[in-house]
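Structure at a glance
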Amino acid sequence: MFPDPNESDMNIVHISAECYPVAKAGGLGDVVGALPRFQTELGNRAMVIMPMYRTPYLYSHNWQVVHKSSANLGHWFFDYTVIKEQTNAQGFELYLIDINGLLDRERVYGYNDDTERFCAFQISAVHWINAWDQLPDVVHVHDHHAGLIPFMMQHCYAFKRLAGIPSVLTIHNAQYQGQFSWDKSIYVPQWDSWKRGLLEWEGSINPLASAVKCAWKVTTVSTTYLHELRSMSNGLEPLFEYEKGKCSGILNGIDYTVWDPSHDRYLEHPFSTLHLSAGKKSNKELLCSQFGLDPSKPLFVFIGRLVGEKGADLLPQVVYDSFEFIGRKMTFLMLGSGESDIEHRLRQLNALSQGDYAEYIGYNERLSHQMYAGADFLLMPSRVEPCGLNQLYALRYGTVPIVRKTGGLYDTVIDMGDPSGYGFTFQHAAVGDVTQAIYRAVHFFSEKDHFHAIRQKIMGLDYSWDRSAAEYIRLYKGF
Ligand code: ADP
Ligand code: GLC
């Protein structure tokens, strides 16, 4: 059954592994949870199709079964069910695909059979769309978990009806490509074997590379990241060079219905630019009291995945060196989870805490909001940052970002050395560069009037979704 048609201008289908607040592991979830709503507000009909995981959202909303069918993953014949959230609570139509025993788990990723899970998800999504009376105007896939879809729509016999529908790939992170070996090629529904080059990269089936080859257009989440991919994309560099003609960068926005300190439901003390100093102060005091930190010192925070890509491995030494060479003039609070070695080293630093250092190892949405609100500075020493949302949230919450000049960080943060600047930037993902930036920030913190003026300024910067949502529509209309 296809959902009722309406008057909207374009019918847009987003296919993704994450969508906030249904399921989120990182920024992909935030983007897919917001972009379709803004596209809907522009007069289009946008929907999201994603896997049905066992997350709290599933149990707190009402669902209606809209389609039941079966498909094949190689020799395995499986049933799938599509359910729709009945009230359009997110501001767009949300459909979940349920495949018993495969998708209905608590986490989004990290299982041994992720290849099977996401292949079966993609097959079901395309199989369902293929059964619609009215086909969509564009199918927009996100990252490698949906990367086989452009190939399937154009080259699999079973889905020939979809071959004329434009597909768009947005790359949120090209580090992860979803490769699997040719032994599993039967997972891709039947296609002409001479087309294998459209699936392959360096001897494996590579869903991200396949999507770059087959999607009608490819976007990345910032312009600088697009350029970087041609020299640094985990093996796909020549492909991005070759396909550059159909690639463009569209910077992410942020969703001010969720991320605005004046009505953030996670904050005890919401605030706006009108009560900036008092608002930041009360949020900082609360946060510091929770973690035993001294609120009179500048508070530096990190929020994110504890992986090399984010430069999180540098943090323990950065804290150590800051105390050693700058002195006990600042406090640190780290929130994140990821590589066990980094988690361990961050925990070990508690030994020298003395009220100046604390960590929370794990994922905690509420605490992340409280940290954006209560902190003075946000650290992002990323080695790779396709867009980065954290620095945009920090700006909105009056927290000054300290970032490495890469990807979306380069595009969104201007160094204080420039007359129009409002953040601290550095060149290398190296302990010395980060510590040096912290030194500059500690000094800046003591210039109270300047610090206040910069906070006023960054809270007013506009990184709303309106502009980016419209850019995507322009891209679709170009087909
Ligand atoms: P990425 O998607 O690469 O992880 P982004 O900057 O685009 O990076 O988005 C990260 C998102 O995940 C932000 O919303 C950030 O607040 C959130 N986040 C990351 N780690 C945690 C954590 N441990 N607890 C709560 N939120 C987190
Ligand atoms: C990815 C990137 C991040 C980006 C996010 C949303 O996870 O690592 O930089 O902001 O996707 O596009």
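Conventions and cut-offs
- Residues numbered from 1 in each chain as written.
- Chains lettered and ligands numbered in written order.
- Predicted model: local features only at pLDDT ≥ 70, side-chain atom pairs only at ≥ 80, totals over all residues.
- Heavy atoms only, no water.
- Near = heavy atom within 4 Å.
- Polar contact = N/O pair within 3.5 Å; in protein donor to acceptor, adjacent residues only side chain to side chain.
- Areas by Shrake-Rupley, 256 points an atom, 1.4 Å probe, with all protein chains shown as cover.
- Helix = DSSP H or I, 4+ residues; strand = E, 2+ residues; numbered from the N terminus.
- Nonpolar A, V, L, I, M, F, W, Y, C, P; charged D, E, K, R; others polar.
- Domains from an automatic or database assignment.
- Axes fitted to C-alpha atoms, helices over the stretch in contact; angles between N-to-C directions.
- Parallel < 35°, antiparallel > 145°, perpendicular 65-115°, else oblique.
- Left-handed = near helix turned anticlockwise from the far one by under 90°.
- Contact = heavy atoms within 4.5 Å.
- Buried < 20%, exposed > 50% of the residue type's maximum accessible area, 1.4 Å probe, protein only.
- Buried area = accessible area lost by both parts, 1.4 Å probe.
- Salt bridge = Lys/Arg side-chain N within 4 Å of Asp/Glu carboxyl O.
- Pairing = 2+ DSSP bridges.
- Core = buried A, V, L, I, M, F, W, Y, C linked by side-chain atoms within 4.5 Å.

1. Observations regarding the site of ligand 1
Of all residues adjacent to ligand 1, which total 20 residues, the nearest are K24, G27, D30, R305 and K310. Within the side chain of R305, an N or O atom sits 2.8 Å from an oxygen atom of ligand 1. Between an oxygen atom of ligand 1 and a side-chain N or O atom of N390, the distance comes to 3.0 Å. Protein chains bury 93% of the 570 Å² of accessible surface belonging to ligand 1 in isolation. Of all the secondary-structure elements, those providing two or more residues to the shell around ligand 1 are α1 (27–41), β12 (299–306), β13 (331–338), α11 (365–374) and α12 (390–396). For the shell around ligand 1, the per-class residue count stands at six nonpolar, nine polar and five charged. Taken domain by domain, the shell around ligand 1 gets at least three of its residues from each of domain 1 (11–253 + 466–476) and domain 2 (273–462).

2. Quick word on the packing of helix α8 (residues 276–291) against α11
As a packed pair, α8 and α11 sit with axes 8 Å apart at the nearest point and diverge in direction by 125°. In terms of orientation, α8 lies oblique with respect to α11. The way α8 lies across α11 gives a crossing that is left-handed. Residues K280, N283, K284, L287, Q290 and F291 of α8 lie in contact with α11, whose contacting residues are L367, Q370, M371, Y372, A373 and G374. For the contact of α8 with α11, the class distribution of residues is six nonpolar, four polar and two charged.

3. Focus: the side chain of K284
Considering the arrangement of structural elements, one finds K284 in helix α8. The exposure class of K284 is buried, given its relative accessible area of 6%. Of note is the side chain of K284, whose polar atom sits 3.1 Å from the backbone oxygen of P295. The contacts of K284, once residues within four sequence positions are left out, are P295, K297, P298, L299, G374, D376 and F445.

4. Re the domain arrangement of the chain
With domains assigned, the chain is organised as domain 1 (11–253 + 466–476) and domain 2 (273–462). The distance between the C-alpha centroids of domain 1 and domain 2 comes to 33 Å. Counting residues at the interface gives 19 residues for domain 1 and 16 residues for domain 2. Buried area between domain 1 and domain 2, summed over both chains or domains, comes out near 1,400 Å², and the portion from carbon and sulfur atoms is 54%. Three residues, K24, T224 and L251, lead the burial of domain 1 against domain 2; their summed loss comes to 24% of the area buried on that side. A salt bridge links K24 to E365; the shortest N-O distance between them is 3.3 Å. Here domain 1 and domain 2 share eleven residue pairs in polar contact (both at pLDDT 80 or more) between them.

5. Comments concerning the sheet that holds strand β11 (residues 247–249)
Whether parallel or antiparallel, the strands of a sheet pair through hydrogen bonds between backbone atoms. Strand order across the open sheet formed by nine strands is β3-β4-β5-β2-β1-β6-β7-β10-β11, with mixed pairing between neighbours. Both outer strands of the open sheet, β3 (63–73) and β11, are each paired with one neighbouring strand and no more. Here the strands of the sheet are splayed against their neighbours by 25° on average, with no regard to which way each runs. The strands touched by helix α3 (residues 114–130) within the sheet are β1 (11–15), β2 (45–51), β3, β4 (76–85) and β5 (93–98), with β3 carrying the most contacts at an inclination of about 115°.

6. Re the environment of Y463
Along the chain, the position of Y463 falls in the loop between α15 (448–459) and α16 (465–477). Sequence separation between Y463 and I99 is 364 residues; the distance between their C-alpha atoms is 37 Å. Once residues lying within four places of it in the same chain are set aside, the contact partners of Y463 are L251, G253, I254, Y256, L392, L395, T412 and Y422. In terms of polar contacts, Y463 uses its side chain to reach the backbone carbonyl oxygen of T412, at 3.2 Å.

7. Focus: the nonpolar core
Counting 92 residues, the largest nonpolar core has F300, F332, L346, F377, V400, I402 and I438 as the members making the most contacts within it. Residue contributions to this core peak at eight residues, all from helix α14 (residues 431–446). Shared between two domains, this core holds at least three residues of each, these being domain 1 (11–253 + 466–476) and domain 2 (273–462). Once residues within four sequence positions are removed from consideration, I438 is found in contact with F300, V318, S322, I326, M330, F332 and L379. In this structure, V13, M52, Y80 and A120 belong to the second largest nonpolar core, which totals 81 residues.

8. What about the packing of α14 against α15?
Two elements in contact, α14 and α15, have axes whose closest approach is 5 Å; the angle formed by their N-to-C orientations is 100°. If you check the angle between α14 and α15, you find them roughly perpendicular. Contacts between α14 and α15 involve F444, F445 and S446 on the former and, on the latter, K448, H450, F451 and I454. Along the lines of polarity and charge, the residues of the contact of α14 with α15 split into four nonpolar, two polar and one charged.

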